[in-house]
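Structural features, examined
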Amino acid sequence: MRIAVIGTGYVGLVAGACLAENGNDVICVDKDAAKVRALQRGRIPIYEPGLEELVRRNRAEKRLTFTTDLPKGIKASQIVFIAVGTPTGEDGSADLRHVLEVARQIGKAMNGYKVIVDKSTVPVGTSEKVREVIKKETQHPFSVVSNPEFLKQGAAIEDFMKPDRVVIGAEDQRAEQIMKELYAPFTRTGAPIMMMDCASAELCKYAANAMLATRISFMNEVANVCEVVGADVDQVRRAVASDRRIGPAFLFPGVGYGGSCFPKDVKAMVRFASAKSYDFEILRAVENVNERQKVRLLSKMKQHFGSLRGRRIAVWGLAFKPKTDDMREAPAVPLITALLDAGAAVTAYDPEAMKVARTIFGTRVDFKDKSYDALSGADGLAIVTEWNEFREPDWTKIKKLLKTPVIFDGRNIYNSEQLRGLGFAYYAMGRR
Ligand SMILES: NC(=O)c1ccc[n+]([C@@H]2O[C@H](COP(=O)([O-])OP(=O)(O)OC[C@H]3O[C@@H](n4cnc5c(N)ncnc54)[C@H](O)[C@@H]3O)[C@@H](O)[C@H]2O)c1
């Protein structure tokens with residue numbers, strides 16, 4: 001099939017590359033000329049495992065091309081994906097500016113029947129708005145479909161190629177049929193294609209992210225309670241997770257959720273519910289708990305050092321989660337900002353996110369190219385992102401490099417008995 005994907009970010013680029021991998025002809029369009037130029041030269045602007053290879057292969061086969069020329073992309077395609085950002089607007093709602101602008105441009109470039117697929121995460125009613133905007137610009141027939149994306153950064157290709165489910169909100173049979181055909185190769189292993197109305201499809205994505213964010217905030221609160229009552233959250237988590245009604249996923253306490261999706265989608269859901277006079281109380285609490293949790297490691301540092309003025313803290317991990325360079329809403333940002341505000345110096349290391357982190361902190365943070373270099377002369381080490389390479393470090397070396405042997409483990413990846421046995425002061429989340 002001939003496909004255009006508008007917006008070549010984490011979702012658009014992965015979707016475009018995966019659709020090309022299954023034999024479709026895909027034109028990826030972005031308004032960011034520098035990004036498109038880089039992609040045309042085979043350079044991938046983001047870190048996502050496996051993506052570079054996939055893009056290279058499909059570019060070489062000429063199934064995947066990149067352009068800033070949106071009308072060209074539209075005219076050449078029968079299916080057009082909208083995968084632009086829907087950031088948080090001033091009042092907390094999803095900002096639909098980019099989606100509706102793209103819809104307008106699609107309308108202007110129409111040259112025959114097309115299926116317009118909204119893949120961006122958008123509030124209920126957006127497909128209707130997209131339809132209206134396009135209709136104002138063209139006489140050509142078209143269908144608007146809602147197809148929310150559930151991929152996880154860090155495992156995006158696997159998620160797109162082998163989804164748990166594909167959700168499609170469609171209002172007519174022609175579009176339904178085309179979407180079923182398009183996704184058939186991705187669902188051969190038996191994953192369901194769930195057809196529904198557009199409103200339900202739009203809500204699915206928010207409900208899924210809100211549920212996951214709720215589990216995280218819930219478990220962070222359980223961890224905090226563990227600390228005050230003297231229980232160990234690891235033991236509690238394992239017992240709770242073994243209940244088949246609950247399951248083990250998303251029950252790890254930590255420094256709070258971040259990234260480009262959970263924070264903005266939780267906010268947007270609260271907002272669009274309240275616009276219909278519904279107070280989504282649980283989600284408001286989920287958000288408040290998360291804000292508090294992001295700086296909880298700082299309280300532990302204050303508890304240990306008293307004042308942080310003049311201290312140097314080494315931070316391992318900056319991305320909002322491992323296997324990505326994405327620092328949007330990363331808990332490392334408020335934590336490091338609070339450390340700097342408290343008069344501490346920060347040295348930091350992340351395997352992939354330092355380029356992005358430099359654009360946030362500039363020279364206020366001393367970034368090191370090697371993990372152990374960040375420890376030299378530091379008063380303590382904070383683990384903020386649980387990259388695999390931090391899991392089994394050389395403790396003898398760490399003890400030698402740190403001025404005082406203290407670890408603030410924001411991700412509970414170390415064994416407290418082992419560390420205390422080695423002479424470290426060890427602080428974790430909800431553990432003794
Ligand atoms: N990142 C994720 O893990 C994820 C997962 C599922 C769903 N989503 C949703 O998918 C959407 C995109 O997210 P993302 O993380 O890929 O965003 P992103 O910011 O990485 O990428 C968006 C891209 O759209 C481009 N763009 C914006 N306006 C444009 C226009 N008028 N014409 C052409 N290009 C334009 C931008 O230049 C940018 O490259 C959001 O709604 C998000 O909530 C994201």
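Below: a short report on this structure.

Definitions and cut-offs
Residues numbered from 1 in each chain as written. Predicted model: local features only at pLDDT ≥ 70, side-chain atom pairs only at ≥ 80, totals over all residues. Heavy atoms only, no water. Helix = DSSP H or I, 4+ residues; strand = E, 2+ residues; numbered from the N terminus. Rg over C-alpha atoms; globule rule 2.2 N^0.38 Å. Buried < 20%, exposed > 50% of the residue type's maximum accessible area, 1.4 Å probe, protein only. Areas by Shrake-Rupley, 256 points an atom, 1.4 Å probe, with all protein chains shown as cover. Lys, Arg positive; Asp, Glu negative; His and termini not counted. Charge placed at Lys NZ, Arg CZ, Asp CG, Glu CD. Polar contact = N/O pair within 3.5 Å; in protein donor to acceptor, adjacent residues only side chain to side chain. Contact = heavy atoms within 4.5 Å. Pairing = 2+ DSSP bridges. Near = heavy atom within 4 Å. Core = buried A, V, L, I, M, F, W, Y, C linked by side-chain atoms within 4.5 Å. Phe/Tyr/Trp six-rings, centres within 6.5 Å; stacked < 30°, edge-to-face > 60°. Right-handed = clockwise from strand over helix to strand, strands pointing away. Disulfide = S-S within 2.5 Å.

Looking at the overall build of the chain
- Looking only at helices and strands, the chain has 17 helices and 14 strands in total.
- Whereas a compact globule of 432 residues would reach a radius of gyration of roughly 22 Å, the chain reaches 23 Å, a difference of no more than 12%.
- Oriented by its inertia axes, the alpha-carbon framework of the chain measures out at about 70 × 45 × 40 Å.
- In the chain, buried positions account for 53% of the 432 residues.
- When the accessible area of the chain is evaluated, it comes to approximately 19400 Å², of which 50% is carbon and sulfur surface.
- In the chain, which carries 64 positive and 53 negative side-chain charges, the distance between the mean positions of the two groups comes to 2 Å.

Observations regarding the side chain of Thr-86
- Residue placement: Thr-86 occurs in the loop between β4 (79-82) and α5 (97-109).
- Residue classification places Thr-86 among the buried residues on the basis of a relative accessible area of 5%.
- One polar contact links the side chain of Thr-86 to the main-chain carbonyl oxygen of Thr-121, over a distance of 2.9 Å.
- A polar atom in the side chain of Thr-86 sits 3.2 Å from the side chain of Lys-264.
- Excluding anything up to four places from it in sequence, Thr-86 contacts Ala-94, Asp-95, Leu-96, Val-99, Ser-120, Thr-121, Val-122 and Lys-264.

Some thoughts on the sheet that holds strand β10 (residues 345-349)
- Pairing is parallel across the open sheet formed by six strands, whose spatial order is β11-β10-β9-β12-β13-β14. Of all strands in the sheet, those bounded by a partner on one side alone are β11 (366-367) and β14 (425-427).
- As paired elements, strand β9 (residues 312-316) and β10 share five bridges and run parallel to each other. For Ile-313, the partnering residue across the bridge sits in β10 and is Val-346.

So, the site of the ligand
- Neighbouring the ligand are 26 residues; Asp-30, Lys-35, Thr-86, Gln-153 and Lys-264 lie closest to it.
- Note that a nitrogen atom of the ligand is positioned 3.2 Å from one of the backbone N or O atoms of Lys-31.
- The side chain of Lys-264 places a nitrogen or oxygen atom 2.5 Å from an oxygen atom of the ligand.
- Here the ligand has 830 Å² of accessible area as a free molecule, and 90% of this is covered by the chains.
- At the level of elements, α1 (10-21) and α5 are the ones that each hand at least two residues to the shell around the ligand.

Side note on the nonpolar core
- In this structure, Trp-316, Leu-318, Ile-398, Ile-407 and Tyr-414 are the most contacted members of the largest nonpolar core, which totals 56 residues.
- At six residues, helix α14 (residues 332-341) tops the list of elements feeding residues into this core.
- For Tyr-414, the contacting residues outside a window of four places in its chain are Trp-316, Ile-383, Phe-390, Arg-391, Pro-393, Trp-395, Ile-407, Asp-409, Leu-419, Tyr-426 and Arg-431.
- Counting 41 residues, the second largest nonpolar core, distinct from the first, contains Leu-54, Ile-79, Ala-170 and Leu-182.

Considering the packing of aromatic side chains
- The tally for this structure, following the rule as stated, stands at 14 aromatic pairs.
- For the ring pair Phe-160 and Tyr-183, a centre distance of 6.4 Å and an interplane angle of 45° mean the geometry is tilted. Placement of Phe-160 in helix α7 (residues 156-161) and of Tyr-183 in helix α8 (residues 173-183) is noted, with a sequence separation of 23 residues between them. Accessibility assignment for this pair places Phe-160 and Tyr-183 in one class, buried.
- Among the aromatic residues, ring-to-ring pairing joins Trp-316, Tyr-349, Tyr-372 and Phe-390 into one connected group.

Focus: the pairing of strand β8 (residues 193-196)
- In terms of strand pairing, strand β7 (residues 166-169) meets β8 through four bridges, oriented parallel. What sits directly across from Val-167, in β8, is Met-194.
- Crossover β7 to β8 through α8 is right-handed.

Some thoughts on the state of the cysteines
- Under the counting rule described, the total for this entry stands at zero disulfides.
- Unpaired in this structure, Cys-198 has its nearest cysteine sulfur neighbour in Cys-204, at a distance of 11 Å.
- We classify Cys-198 as buried; its relative accessible area is 2%.

Some details on the environment of Lys-205
- Counting through the fold element by element, Lys-205 comes out in helix α9 (residues 198-229).
- Along the primary structure Lys-205 and Ser-274 are separated by 69 residues, whereas in three dimensions their C-alpha atoms are 18 Å apart.
- Those residues in contact with Lys-205 that sit more than four places away from it in its chain are Thr-121, Pro-148, Glu-149, Phe-150 and Asp-265.
- Reaching out from Lys-205, the side chain makes a polar contact with the backbone oxygen of Glu-149 at a distance of 2.8 Å.

So, the environment of Val-84
- Along the chain, the position of Val-84 falls in the loop between β4 and α5.
- Taking the C-alpha atoms as reference, Val-84 lies 25 Å from Gln-177; in sequence the two are 93 residues apart.
- Once residues within four sequence positions are removed from consideration, Val-84 is found in contact with Ile-6, Gly-7, His-98, Val-99, Val-102 and Ser-120.

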